[in-house]
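# Observations on chain architecture
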Amino acid sequence: MVSTVPSVPRRLPLARVADEFVLTTVLLFLAVTVVRWLRDPDSPLYIADLNIALAVIGVLSGAILTGLIFTPPGRRSGGHMNPAVTVALWLVDAFPGRSVAPYILAQLAGSAAGTGLARLVWGPVVSLPSVAHGAIRPAPTWEPAAVFLAEAGAMAALILVVGYFLAHPRFTRLLPYVIGISVATVIALLGPLSGGSINPARQLGPAALSGQTKDLWIYLIVPVLGAVIGAAIYHLFIWRFNACRPLTYKLTGDEAREAND
(Lines give C-alpha, C1' and ligand atoms only; values in the text may rest on other atoms or scores of the structure.)
Protein backbone atom coordinates (compact mmCIF):
# COMPACT_ATOMS: atom_id res chain seq x y z
CA MET A 1 0.00 0.00 0.00
CA VAL A 2 0.99 3.63 -0.36
CA SER A 3 3.11 4.63 2.62
CA THR A 4 3.96 7.90 4.29
CA VAL A 5 6.69 9.52 2.19
CA PRO A 6 8.31 12.96 2.05
CA SER A 7 7.25 13.46 -1.57
CA VAL A 8 5.14 11.81 -4.24
CA PRO A 9 6.48 11.12 -7.77
CA ARG A 10 4.90 13.11 -10.57
CA ARG A 11 3.89 9.97 -12.47
CA LEU A 12 4.09 6.22 -11.91
CA PRO A 13 5.47 3.83 -14.57
CA LEU A 14 2.98 2.26 -16.96
CA ALA A 15 3.89 -1.10 -15.44
CA ARG A 16 2.07 -0.03 -12.28
CA VAL A 17 -1.00 0.75 -14.40
CA ALA A 18 -0.79 -2.77 -15.82
CA ASP A 19 -0.62 -4.11 -12.26
CA GLU A 20 -3.86 -2.29 -11.43
CA PHE A 21 -5.53 -3.80 -14.48
CA VAL A 22 -4.46 -7.31 -13.47
CA LEU A 23 -5.49 -6.81 -9.84
CA THR A 24 -8.93 -5.45 -10.74
CA THR A 25 -9.46 -8.23 -13.27
CA VAL A 26 -8.71 -10.84 -10.61
CA LEU A 27 -10.85 -9.02 -8.06
CA LEU A 28 -13.90 -8.97 -10.34
CA PHE A 29 -13.40 -12.56 -11.47
CA LEU A 30 -13.31 -13.71 -7.86
CA ALA A 31 -16.23 -11.44 -6.88
CA VAL A 32 -18.44 -12.94 -9.60
CA THR A 33 -17.19 -16.41 -8.72
CA VAL A 34 -18.15 -16.00 -5.06
CA VAL A 35 -21.62 -14.76 -6.00
CA ARG A 36 -21.96 -17.62 -8.52
CA TRP A 37 -21.31 -20.29 -5.86
CA LEU A 38 -23.31 -18.71 -3.06
CA ARG A 39 -26.36 -17.50 -5.01
CA ASP A 40 -26.91 -20.17 -7.66
CA PRO A 41 -29.77 -22.37 -6.35
CA ASP A 42 -28.14 -25.45 -7.87
CA SER A 43 -24.80 -24.79 -6.17
CA PRO A 44 -23.85 -27.02 -3.21
CA LEU A 45 -22.78 -23.82 -1.42
CA TYR A 46 -26.05 -21.97 -2.09
CA ILE A 47 -27.27 -19.69 0.73
CA ALA A 48 -30.95 -18.94 0.38
CA ASP A 49 -31.10 -16.13 2.94
CA LEU A 50 -29.84 -13.00 1.17
CA ASN A 51 -28.70 -11.26 4.34
CA ILE A 52 -26.59 -14.24 5.40
CA ALA A 53 -25.27 -14.64 1.86
CA LEU A 54 -24.19 -10.99 1.76
CA ALA A 55 -22.48 -11.31 5.14
CA VAL A 56 -20.49 -14.27 3.83
CA ILE A 57 -19.78 -12.44 0.57
CA GLY A 58 -18.56 -9.47 2.61
CA VAL A 59 -16.12 -11.56 4.62
CA LEU A 60 -14.79 -13.30 1.53
CA SER A 61 -14.55 -10.03 -0.40
CA GLY A 62 -12.60 -8.38 2.40
CA ALA A 63 -10.22 -11.33 2.60
CA ILE A 64 -9.72 -11.34 -1.17
CA LEU A 65 -9.03 -7.61 -1.23
CA THR A 66 -6.48 -7.86 1.57
CA GLY A 67 -4.81 -10.82 -0.12
CA LEU A 68 -4.54 -8.98 -3.44
CA ILE A 69 -2.96 -5.95 -1.74
CA PHE A 70 -0.22 -8.23 -0.42
CA THR A 71 0.55 -9.79 -3.81
CA PRO A 72 3.58 -8.50 -5.76
CA PRO A 73 1.37 -6.46 -8.16
CA GLY A 74 -0.51 -5.08 -5.16
CA ARG A 75 2.67 -4.01 -3.42
CA ARG A 76 3.98 -2.40 -6.60
CA SER A 77 0.85 -0.46 -7.59
CA GLY A 78 -0.53 0.22 -4.13
CA GLY A 79 -3.44 -2.15 -4.67
CA HIS A 80 -6.17 0.45 -5.16
CA MET A 81 -8.57 -1.53 -7.42
CA ASN A 82 -11.06 1.29 -6.91
CA PRO A 83 -11.23 4.61 -8.80
CA ALA A 84 -12.60 6.35 -5.72
CA VAL A 85 -9.60 5.25 -3.66
CA THR A 86 -7.22 6.47 -6.36
CA VAL A 87 -8.89 9.89 -6.44
CA ALA A 88 -8.86 10.13 -2.64
CA LEU A 89 -5.17 9.23 -2.36
CA TRP A 90 -4.38 11.92 -4.91
CA LEU A 91 -6.40 14.47 -2.95
CA VAL A 92 -4.57 13.65 0.29
CA ASP A 93 -1.18 13.99 -1.43
CA ALA A 94 -0.35 10.28 -1.42
CA PHE A 95 -0.64 9.61 -5.16
CA PRO A 96 0.60 11.46 -8.28
CA GLY A 97 -2.10 13.37 -10.13
CA ARG A 98 -0.76 12.41 -13.56
CA SER A 99 -1.36 8.74 -12.82
CA VAL A 100 -4.98 9.13 -11.67
CA ALA A 101 -6.58 8.84 -15.13
CA PRO A 102 -4.44 5.85 -16.27
CA TYR A 103 -5.18 4.03 -13.01
CA ILE A 104 -8.92 4.64 -13.31
CA LEU A 105 -8.99 3.48 -16.92
CA ALA A 106 -7.06 0.34 -15.97
CA GLN A 107 -9.46 -0.38 -13.10
CA LEU A 108 -12.57 0.05 -15.23
CA ALA A 109 -11.06 -2.08 -18.00
CA GLY A 110 -10.19 -4.70 -15.40
CA SER A 111 -13.79 -4.64 -14.20
CA ALA A 112 -15.05 -5.56 -17.66
CA ALA A 113 -12.27 -8.09 -18.23
CA GLY A 114 -12.77 -9.85 -14.90
CA THR A 115 -16.53 -10.09 -15.35
CA GLY A 116 -16.13 -11.34 -18.91
CA LEU A 117 -13.59 -13.92 -17.77
CA ALA A 118 -16.01 -15.19 -15.13
CA ARG A 119 -18.67 -15.59 -17.82
CA LEU A 120 -16.25 -17.58 -19.98
CA VAL A 121 -15.21 -19.83 -17.10
CA TRP A 122 -18.61 -20.45 -15.48
CA GLY A 123 -20.87 -20.14 -18.48
CA PRO A 124 -24.57 -19.15 -18.55
CA VAL A 125 -25.02 -19.81 -14.84
CA VAL A 126 -23.66 -16.34 -14.07
CA SER A 127 -26.58 -14.89 -16.05
CA LEU A 128 -29.19 -16.31 -13.67
CA PRO A 129 -31.27 -13.58 -12.01
CA SER A 130 -29.94 -14.56 -8.59
CA VAL A 131 -26.34 -14.19 -9.79
CA ALA A 132 -26.62 -11.51 -12.52
CA HIS A 133 -22.87 -11.46 -13.16
CA GLY A 134 -22.45 -10.31 -9.55
CA ALA A 135 -24.21 -7.00 -10.21
CA ILE A 136 -25.13 -5.02 -7.11
CA ARG A 137 -28.73 -3.96 -6.51
CA PRO A 138 -30.38 -1.86 -3.80
CA ALA A 139 -33.29 -3.14 -1.77
CA PRO A 140 -36.65 -2.57 -3.52
CA THR A 141 -37.73 -0.28 -0.68
CA TRP A 142 -34.67 1.97 -1.01
CA GLU A 143 -35.04 5.13 -3.06
CA PRO A 144 -32.11 6.50 -5.10
CA ALA A 145 -31.61 9.33 -2.61
CA ALA A 146 -31.11 6.86 0.23
CA VAL A 147 -28.69 4.80 -1.86
CA PHE A 148 -26.83 7.99 -2.75
CA LEU A 149 -26.37 8.99 0.88
CA ALA A 150 -25.42 5.52 2.08
CA GLU A 151 -22.81 4.89 -0.61
CA ALA A 152 -21.31 8.38 -0.27
CA GLY A 153 -21.19 8.18 3.52
CA ALA A 154 -19.60 4.73 3.55
CA MET A 155 -16.93 5.79 1.07
CA ALA A 156 -16.15 8.99 2.98
CA ALA A 157 -15.78 7.00 6.20
CA LEU A 158 -13.45 4.52 4.48
CA ILE A 159 -11.22 7.31 3.17
CA LEU A 160 -11.01 8.88 6.62
CA VAL A 161 -9.90 5.54 8.03
CA VAL A 162 -7.32 5.11 5.27
CA GLY A 163 -6.06 8.67 5.73
CA TYR A 164 -5.68 8.19 9.48
CA PHE A 165 -3.63 5.03 9.11
CA LEU A 166 -1.47 6.50 6.34
CA ALA A 167 -0.78 9.60 8.43
CA HIS A 168 0.47 7.51 11.37
CA PRO A 169 3.49 5.47 10.19
CA ARG A 170 3.41 3.04 13.09
CA PHE A 171 -0.03 1.84 11.94
CA THR A 172 0.54 1.80 8.16
CA ARG A 173 1.44 -1.89 8.09
CA LEU A 174 -2.06 -2.68 9.37
CA LEU A 175 -3.80 -0.81 6.56
CA PRO A 176 -4.45 -3.78 4.22
CA TYR A 177 -6.24 -5.60 7.05
CA VAL A 178 -8.19 -2.49 8.02
CA ILE A 179 -9.32 -2.01 4.41
CA GLY A 180 -10.42 -5.64 4.16
CA ILE A 181 -12.36 -5.45 7.42
CA SER A 182 -13.94 -2.13 6.43
CA VAL A 183 -15.08 -3.41 3.03
CA ALA A 184 -16.44 -6.60 4.61
CA THR A 185 -18.40 -4.52 7.11
CA VAL A 186 -19.84 -2.24 4.43
CA ILE A 187 -20.99 -5.20 2.33
CA ALA A 188 -22.49 -7.02 5.31
CA LEU A 189 -24.34 -3.95 6.63
CA LEU A 190 -25.25 -2.07 3.45
CA GLY A 191 -25.40 -4.98 1.02
CA PRO A 192 -29.06 -5.78 1.80
CA LEU A 193 -29.94 -2.07 1.68
CA SER A 194 -27.98 0.15 -0.72
CA GLY A 195 -25.93 -2.66 -2.23
CA GLY A 196 -22.70 -1.77 -0.44
CA SER A 197 -20.60 -1.23 -3.55
CA ILE A 198 -18.42 1.85 -2.74
CA ASN A 199 -16.36 0.94 -5.82
CA PRO A 200 -17.23 2.00 -9.39
CA ALA A 201 -15.03 -0.79 -10.76
CA ARG A 202 -16.94 -3.35 -8.70
CA GLN A 203 -20.20 -2.43 -10.42
CA LEU A 204 -19.34 -1.37 -13.98
CA GLY A 205 -18.48 -4.74 -15.51
CA PRO A 206 -21.25 -6.74 -13.80
CA ALA A 207 -23.88 -4.10 -14.58
CA ALA A 208 -22.85 -3.83 -18.23
CA LEU A 209 -22.83 -7.58 -18.86
CA SER A 210 -26.03 -8.27 -16.92
CA GLY A 211 -27.91 -5.29 -18.32
CA GLN A 212 -28.85 -4.15 -14.83
CA THR A 213 -28.02 -0.50 -15.35
CA LYS A 214 -30.78 1.04 -13.22
CA ASP A 215 -29.26 3.73 -10.99
CA LEU A 216 -25.82 2.76 -12.37
CA TRP A 217 -24.75 6.41 -12.23
CA ILE A 218 -25.03 6.30 -8.45
CA TYR A 219 -22.61 3.38 -8.17
CA LEU A 220 -20.19 4.97 -10.62
CA ILE A 221 -20.18 8.58 -9.42
CA VAL A 222 -21.21 8.61 -5.77
CA PRO A 223 -18.22 6.62 -4.41
CA VAL A 224 -15.92 9.19 -6.01
CA LEU A 225 -17.99 11.99 -4.47
CA GLY A 226 -17.75 10.25 -1.11
CA ALA A 227 -13.99 9.96 -1.56
CA VAL A 228 -13.76 13.70 -2.25
CA ILE A 229 -15.78 14.44 0.89
CA GLY A 230 -13.61 12.13 2.95
CA ALA A 231 -10.42 13.74 1.64
CA ALA A 232 -11.84 17.21 2.36
CA ILE A 233 -12.65 16.26 5.96
CA TYR A 234 -9.16 14.78 6.29
CA HIS A 235 -7.59 18.05 5.19
CA LEU A 236 -9.90 20.00 7.49
CA PHE A 237 -8.63 18.06 10.47
CA ILE A 238 -5.04 18.74 9.40
CA TRP A 239 -5.42 22.44 8.71
CA ARG A 240 -7.88 23.46 11.39
CA PHE A 241 -7.55 20.96 14.22
CA ASN A 242 -4.03 19.58 13.58
CA ALA A 243 -5.45 16.16 14.42
CA CYS A 244 -2.91 14.35 12.22
CA ARG A 245 0.05 15.26 10.06
CA PRO A 246 -0.14 15.60 6.27
CA LEU A 247 0.95 12.54 4.33
CA THR A 248 3.85 14.51 2.85
CA TYR A 249 5.14 15.38 6.34
CA LYS A 250 8.83 14.53 6.62
CA LEU A 251 9.66 12.33 9.58
CA THR A 252 12.38 13.32 12.03
CA GLY A 253 15.08 10.80 12.82
CA ASP A 254 13.38 9.72 16.06
CA GLU A 255 9.96 9.45 14.38
CA ALA A 256 11.37 7.40 11.52
CA ARG A 257 13.00 4.98 13.93
CA GLU A 258 9.76 4.73 15.92
CA ALA A 259 7.77 4.03 12.74
CA ASN A 260 10.11 1.19 11.80
CA ASP A 261 10.00 -0.46 15.23
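Refer to the structure printed above.
A brief look at the structure comes next. This structure is a prediction, so every number in the text was calculated from the model and none was measured.

Each value, and the rule that gives it
Residues numbered from 1 in each chain as written. Predicted model: local features only at pLDDT ≥ 70, side-chain atom pairs only at ≥ 80, totals over all residues. Heavy atoms only, no water. Salt bridge = Lys/Arg side-chain N within 4 Å of Asp/Glu carboxyl O. Helix = DSSP H or I, 4+ residues; strand = E, 2+ residues; numbered from the N terminus. Buried < 20%, exposed > 50% of the residue type's maximum accessible area, 1.4 Å probe, protein only. Core = buried A, V, L, I, M, F, W, Y, C linked by side-chain atoms within 4.5 Å. Contact = heavy atoms within 4.5 Å.

## Re the pattern of salt bridges
- Taken as a whole, this structure holds 3 salt bridges when the rule is applied.
- In this structure, arginine 76 and aspartate 19 form a salt bridge, with 3.0 Å as the shortest nitrogen-oxygen distance. On the criterion of sequence distance, the pair formed by arginine 76 in helix H3 (residues 72–77) and aspartate 19 in helix H1 (residues 14–39) is long-range, its members being 57 residues apart.
- Overall, aspartate 19 belongs to the buried group, its relative accessible area being 8%.
- Arginine 36 is paired through a salt bridge with aspartate 40; the nearest N and O atoms lie 3.3 Å apart. The pair arginine 36 / aspartate 40 is uniform in exposure class, with both members buried.
- Look at the salt bridges and you will find they share partners, linking Arg16, Asp19 and Arg76 into a network.

## Here's the deal with the nonpolar core
- Judged by nonpolar contacts, the single largest core of 55 residues is most densely connected at Ile57, Met81, Leu89, Met155, Val162 and Ile179.
- Contact partners of methionine 81, with chain neighbours within four places excluded, come to Glu20, Leu23, Thr24, Leu27, Leu65, Leu68, Ile69, Gln107, Asn199 and Ala201.
- By size, the runner-up hydrophobic cluster in this structure holds 6 residues, among which are Ile136, Val147, Tyr219 and Val222.

Just geometry here; none of it tells us what the structure is for.
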